[in-house]
Amino acid sequence: MNSAATDTPTPGGEPTTDAPAPTTPTGSTSTALSARRIWTRVRGAALVVAVVLIGGLVLATVRSTNAHGALDPRSTDPHGSRAVAELLKERGVTLTLATTLDEATAATTPGTTLLVTAPDLLTDAQLSALRTAAQTSAGRTVLLGAGSPSLTVLAPGITSAPDTAVTNLSPACTLPAATRAGSVDLGGERYEVAPGTTADSCYLSDGLPTLVRLPGTGTTDTVLLGSPDILHNTRLDQQGNASLALQLLGSRPHLVWYLPSLYDASADAPEDDTTGNFLALIPSGWLWGTLQLALAALLAAVWRGRRLGPLVTERLPVALRASEATEGRARLYRKANARDRAASVLRTATRTRLAPLLGVPSRDAHSPDLLLPALSARLPGTTADPRDLLFGPAPADDSALVRLADQLDALEREVRTS
């Protein structure tokens, strides 16, 4: 069984060539090897972290570039609204910019138009306070891109439908502001008006309006715009966008331009809230960030766990005789009852050494159609079956494996002496 190893001894006896004695590494070399080994282990994780950070910076830069000053009446960026704000001021409309709910409700006085640029960012408590202020002022409330979270409170009887792309749409209604403006660039949120609800439905997209006006008590009304594009600087001079924007926002002498923010203190939960829901105290952005980090960690684990990495050659601390390595490998095969593996190693080594002796190229050493005819021509009178010896099945027991090793040695000696 000791012969079952990759370094099979030659027929002449066991190998006597020893492994080269290693040189003792110096302190600096050992430190360099340790640093290189540490870098090899962590470079994959470092690369993933670097890619995530770079991707985050690029995404943040792109998003900040595209959305900087969006719908801000002070911004001259393409998505800002400085142009429409200046036109309103020229027509005598005073404009108040509000970034918190308290500022918006305090500035909403009788005869005021209240523009809410992102109503879905408001909490239920904020929506209720905003509705109360709008009803008290008896003015107009304009909601941009309002969805299901805000429609229930601010526009009862209206539900949100799947959104659509912003395109040029015609009025298709009798609302004076829409008929005077003509076709405009609208889309985004679409709305469904509940049966029995009085409303003006304009600028239909696939049969559903993208502009809805809900009349209220007296002079109070609510206008829903599915998309804020008509207020953007880059679109204001197209189609009838400027006309519609000025009519909707300039119908009252005072305009409160409310830019909701996630950092508004009024969005915080009441102090007497005792629900005990810890997750409710965590901003949604942190929850999504944690989920993304967990997904990245899972992908990194799958990537690094698919294999142990390439083999690394290391200097042996002591000189090791080839015969000892052979015996150690043979013991491992015997402990695992790996007779098939041991026999395969023996036959492969024998075929590799026989091929050059028989004039067969090394690349064809393991082809029975090329090796066996050359062997038969070299040993026409041999009693052993070359095919069974070199390409036969695995031995059934240890004694058969030992017998196979002896027969392979005998066959090789016979070829060498023939």
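Here, every reference points to the structure presented above.
Being a predicted model, the structure only gives us computed values, none of them experimental.

**Observations regarding the pattern of salt bridges**
- Summed over the entire model, instances satisfying the criterion amount to twelve salt bridges.
- One salt bridge in this structure joins Arg235 and Asp229, with 3.1 Å as the shortest N-O distance.
- We classify Asp229 as buried; its relative accessible area is 13%.
- Look at the salt bridges and you will find they share partners, linking Arg140, Asp200, Arg213 and Asp221 into a network.

**Some details on the sheet that holds strand E7 (residues 208–215)**
- Read from one edge of the open sheet, seven strands run E1-E9-E2-E3-E8-E7-E6, paired in mixed fashion. The open sheet terminates on both sides in strands that have one partner only, identified here as strand E1 (94–98) and strand E6 (200–205). Neighbour-to-neighbour, the strand axes of this sheet turn through a mean angle of 15 degrees, independent of strand direction.
- As defined by bridge partners, E6 adjoins E7 across five bridges and the pair is classed as antiparallel. Its bridge partner being in E7, Ser201 is matched across the sheet by Val212.
- Strands in contact with helix H7 (residues 241–249) are strand E2 (112–116), strand E3 (140–144), E6, E7, strand E8 (221–225) and strand E9 (254–258); relative to E3, the strand with the most contacts, it is inclined by about 135 degrees.

**With respect to the nonpolar core**
- Judged by nonpolar contacts, the single largest core of 31 residues is most densely connected at Tyr203, Leu211, Leu231 and Leu244.
- Ranked by residues supplied to this core, first place goes to H7 with five residues.
- Apart from the residues lying within four places of it in its own chain, the contact partners of Leu231 are Leu71, Gly80, Ser81, Val84, Leu115, Leu144, Ala245, Leu249 and Trp257.
- Ranked by size, the runner-up nonpolar core spans 24 residues in total, among them Tyr333, Ala343, Leu372 and Leu375.

**Remarks on the state of the cysteines**
- Counted under the stated rule, the structure contains one disulfide.
- Two residues, Cys173 and Cys202, share a disulfide whose sulfurs are 1.9 Å apart. Note on the Cys173 and Cys202 pair: the S-S dihedral is about 95 degrees, so by sign convention the disulfide is right-handed. One end of the pair, Cys173, is in the loop between strand E4 (158–169) and helix H6 (176–181); the other, Cys202, is in strand E6, and 29 residues separate them in sequence. With respect to burial, Cys173 and Cys202 carry one shared label: buried.

**A word on the packing of helix H10 (residues 339–358) against helix H11 (residues 368–378)**
- Where H10 meets H11, the closest approach of the two axes is 10 Å, and the angle between their N-to-C directions is 60 degrees. By the angle between their axes, H10 is oblique relative to H11. You can see that H10 and H11 cross each other, and the crossing is left-handed. Every residue of H11 that contacts H10 at Arg351, Ala355, Leu357 and Leu358 is listed here: Leu371, Ala374, Leu375 and Arg378.
- Considered class by class, the residues forming the contact of H10 with H11 number six nonpolar, no polar and two charged.

**So, the side chain of Thr108**
- One can find Thr108 in the loop between helix H3 (101–107) and E2.
- Assessed through its relative accessible area of 11%, Thr108 is described here as buried.
- Setting aside residues up to four positions removed in sequence, Thr108 forms contacts with Leu114, Ala133, Ser137 and Val256.

**A closer look at helix H9 (residues 322–335)**
- Counted at 1.5 Å a residue, the expected span for H9 with its 14 residues is 20 Å, and the 20 Å between its end C-alpha atoms agrees.
- Inspection of H9 places Ser323, Thr326, Ala330 and Tyr333 among the buried residues, and these make up the whole buried set. Taken end-on, H9 shows its buried residues confined to a sector of 85 degrees, consistent with a single buried face. With respect to the buried face of H9, the exposed residues turned more than 90 degrees away are Arg331, Leu332 and Lys335.
- Considering only its buried residues, H9 is in contact with H10.
- A positive phi of about 55 degrees marks Asn337, the residue just after H9.

How each quantity is defined
Residues numbered from 1 in each chain as written. Predicted model: local features only at pLDDT ≥ 70, side-chain atom pairs only at ≥ 80, totals over all residues. Heavy atoms only, no water. Salt bridge = Lys/Arg side-chain N within 4 Å of Asp/Glu carboxyl O. Buried < 20%, exposed > 50% of the residue type's maximum accessible area, 1.4 Å probe, protein only. Pairing = 2+ DSSP bridges. Helix = DSSP H or I, 4+ residues; strand = E, 2+ residues; numbered from the N terminus. Axes fitted to C-alpha atoms, helices over the stretch in contact; angles between N-to-C directions. Contact = heavy atoms within 4.5 Å. Core = buried A, V, L, I, M, F, W, Y, C linked by side-chain atoms within 4.5 Å. Disulfide = S-S within 2.5 Å. Parallel < 35°, antiparallel > 145°, perpendicular 65-115°, else oblique. Left-handed = near helix turned anticlockwise from the far one by under 90°. Nonpolar A, V, L, I, M, F, W, Y, C, P; charged D, E, K, R; others polar. Expected span 1.5 Å × (residues − 1). Arc of directions from axis to C-beta.

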